[in-house]
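A closer look at the structure
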Amino acid sequence: MIIEEFEKEAETFHQEVYREYYLVEAGLKEELNITPIYERYAHLFTEEVVKEMLGMAQDRRGRYLAEFATLEYLENLVKGLTEKISNAMRQATVEWEGQEVPYHNLIPLISNEPDMARRHRLDELQREVTASGNPEREQRFRKVHEKARDLGFESYIALCDQLRGLKLPWLTKQMQFLLDETKEVYSPHLEEFLSGIGVPMEEAARCDILHLFRGRGFDALFPEEAMIPALTNTLAGMGINLAQQENLELDTEPRPLKSPRAFCASIRIPEEVKLVIKPRGGPDDYSSLLHEAGHAEHFVNIDPDLTFAFKRLGDISVTEGYAFLFHYLPLNHYWLHRVLGIEDVDPWIRFALFRKLFFLRRYSSKLLYEQELHTELEGAEKRYVSLLGDNLGVAIGAEDYLDDVDDAFYCAQYLRAWTFEVQLRRFLENHFGAEWFASQKAGEYLISLWRRGQELNCEELAIDMGYDGLDIQYLVEELVSVQSG
Ligand SMILES: [Zn+2]
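Residues numbered from 1 in each chain as written. Predicted model: local features only at pLDDT ≥ 70, side-chain atom pairs only at ≥ 80, totals over all residues. Heavy atoms only, no water.

1. Focus on the overall build of the protein
In terms of regular secondary structure, the protein is built from 22 helices and 5 strands. Taken over the C-alpha trace, the protein has a radius of gyration of 22 Å; the compact-globule value for 485 residues is 23 Å, and the two agree within 12%. Considering only C-alpha atoms, the protein reaches an extent of 60 × 55 × 45 Å along its principal axes. Residues classed as buried in the protein amount to 56% of the 485 residues present. Counting only contacts in the protein whose residues sit at least 6 apart along the sequence, the fraction spanning at least 24 positions is 75%. When the accessible surface of the protein is summed, it comes to about 20800 Å², and 49% of that surface belongs to carbon and sulfur atoms. For the protein, the distance from the average position of its 52 positive side-chain charges to the average position of its 85 negative side-chain charges is 1 Å. (Helix = DSSP H or I, 4+ residues; strand = E, 2+ residues; numbered from the N terminus. Rg over C-alpha atoms; globule rule 2.2 N^0.38 Å. Buried < 20%, exposed > 50% of the residue type's maximum accessible area, 1.4 Å probe, protein only. Contact = heavy atoms within 4.5 Å. Areas by Shrake-Rupley, 256 points an atom, 1.4 Å probe, with all protein chains shown as cover. Lys, Arg positive; Asp, Glu negative; His and termini not counted. Charge placed at Lys NZ, Arg CZ, Asp CG, Glu CD.)

Following this line, the structure appears as structure tokens:
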């Protein structure tokens with residue numbers, strides 16, 4: 001198959017899949033029918049085509065297309081298992097106080113449960129169900145590992161690292177540095193925040209962190225009715241008129257089947273992008289709307305003349321970095337003053353920064369753990385508990401050791417994006433001032449970056465901004481500043 005032909009078909013495949021997800025998640029269609037689409041395009045993801053694409057992966061475009069073909073091929077091979085696990089989890093229920101509670105409702109229930117003993121019991125029920133899917137999860141990983149070697153890679157880790165350009169050995173060192181540098185500031189804050197919700201350190205578990213970070217006390221700062229105006233005003237400050245962006249549809253209509261979480265569907269880039277939300281208010285809802293708006297602005301501003309490989313494929317950390325730039329606006333005290341009119345921002349910022357620190361330590365630990373897991377499945381359970389438990393300072397349930405894993409090292413893409421985002425933000429502050437989000441010039445600069453799609457990776461974009469490349473130092477500096485909060 002010639003590369004142009006593959007790319008053209010990959011683009012229509014992608015559009016059909018995204019449209020189907022959009023319709024279901026937006027509550028416009030009842031049932032998800034992805035399998036017929038995969039069947040129609042099955043000829044793109046055969047072993048023969050994948051090997052052919054891998055053979056043509058010399059230049060950038062070829063590598064992006066080879067990555068796409070290979071990862072879709074691998075997922076296609078284990079699709080039966082993926083579906084079996086997700087159906088079992090969707091149908092699972094637990095008995096709680098005489099009621100059947102769906103497995104998927106347990107996390108919100110745990111997050112909102114103020115009583116520690118009840119929270120721990122709910123967590124135990126949740127983990128039991130998670131564990132019931134582990135035999136299939138293990139089988140799924142074994143199959144993917146084996147196929148990676150069949151394709152000529154040394155391992156599944158090598159496949160992800162090479163095709164996605166993750167630089168895993170380098171990234172691992174950076175994240176080990178982050179864990180070391182933030183350890184001292186993390187532990188006392190953890191203890192203090194947990195004691196604030198009545199949890200002694202010796203008894204603290206992951207479910208207590210869920211409850212802590214639910215942060216109900218801050219809901220009033222982020223009211224539902226101010227959410228969409230906060231977004232449109234922020235964009236207007238950068239010279240972007242959301243109402244006039246014809247290729248971006250903001251869907252806020254309440255539909256019963258609509259997903260409770262905001263999402264961005266980039267159906268045709270840049271011609272047809274949807275930003276879908278069911279506004280509820282609260283800090284998490286704000287962050288997720290802003291995050292998805294960051295993706296949406298990136299996608300609608302991409303140069304339509306770029307080839308599919310550079311519009312949609314390439315370095316995913318780039319779009320995640322733009323999403324994080326908006327996602328973390330509620331950690332910016334100038335933004336909180338100007339856009340939401342909040343006077344006393346310090347308690348919230350301190351809390352939110354500690355939460356970010358927790359996430360960075362968690363994802364850094366996941367990066368270390370996932371490399372061990374994909375090297376040797378045997379004994380991974382123990383490593384999961386000790387690695388994450390030691391770095392996070394709370395008890396970690398062994399049952400999650402296979403469920404808490406992102407396919408193809410998405411955790412590495414997030415870590416690269418977190419690193420890149422702080423560098424981009426510092427650049428914006430240095431050139432357009434602390435209130436860069438209210439500067440038309442900053443908006444113009446961002447649009448010039450967004451236009452380039454994902455042809456350049458985040459190292460190259462950082463170099464364009466005058467850095468030596470990705471540099472973890474800026475992120476670490478921000479995280480240790482939680483101290484002075
Ligand atoms: Zn994202």
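2. Looking at the packing of helix α17 (residues 346-375) against helix α18 (residues 380-392)
Relative to each other, α17 and α18 sit at 155°, their axes nearing to 9 Å. In terms of orientation, α17 lies roughly antiparallel with respect to α18. Crossing hand, α17 versus α18: right-handed. Packed against α17, whose contacting residues are F358, R361, R362, S365, L368, Y369, E372 and L373, the element α18 presents A380, R383, Y384, L387, L388, N391 and L392 at the interface. Across the contact of α17 with α18, the residue classes tally to 9 nonpolar, 2 polar and 4 charged. (Axes fitted to C-alpha atoms, helices over the stretch in contact; angles between N-to-C directions. Parallel < 35°, antiparallel > 145°, perpendicular 65-115°, else oblique. Left-handed = near helix turned anticlockwise from the far one by under 90°. Nonpolar A, V, L, I, M, F, W, Y, C, P; charged D, E, K, R; others polar.)

3. Focus: the coordination of the zinc ion
On the protein side, the zinc ion has H291 (NE2), H295 (NE2) and E320 (OE) as donor atoms, found 2.1 to 2.2 Å from it. For the zinc ion, the single-chain donor residues occur in sequence as H-x3-H-x24-E. Placement of the pair is H291 in helix α13 (residues 283-300) and E320 in helix α15 (residues 316-327), with a sequence separation of 29 residues. Overall, H291 belongs to the buried group, its relative accessible area being 9%. By relative accessible area, E320 is classed as buried at 5%. (Donors = N, O, S within 2.8 Å, 3.2 Å for Na, K, Ca; no water.)

4. Looking at the environment of P114
Structurally, the position occupied by P114 is in the loop between α6 (106-112) and α7 (116-132). Taking the C-alpha atoms as reference points, P114 and E30, 84 residues apart in sequence, are found 35 Å from one another. Ignoring any residue separated from it by four or fewer positions in sequence, one finds P114 in contact with R119, H211 and R216.

5. Here's the deal with the side chain of Q454
Tracing the backbone shows Q454 in the loop between α20 (440-450) and α21 (458-464). On the accessibility criterion, Q454 (1% relative accessible area) is buried. A distance of 2.9 Å separates a polar atom in the side chain of Q454 from the backbone nitrogen of T319. Those residues in contact with Q454 that sit more than four places away from it in its chain are Y64, H298, F310, R312, L313, G314, D315, I316, V318 and T319. (Polar contact = N/O pair within 3.5 Å; in protein donor to acceptor, adjacent residues only side chain to side chain.)

6. Some thoughts on helix α1 (residues 3-25)
Here α1 contains 23 residues, and its C-alpha end-to-end distance of 32 Å stays within 8% of the 33 Å for a straight helix at 1.5 Å per residue. Every buried residue of α1 is listed here: I3, F6, E7, A10, F13, H14, Q15, V17, E20, Y22 and V24. With its phi angle positive at about 80°, G27 sits one or two positions after the end of α1. (Expected span 1.5 Å × (residues − 1).)

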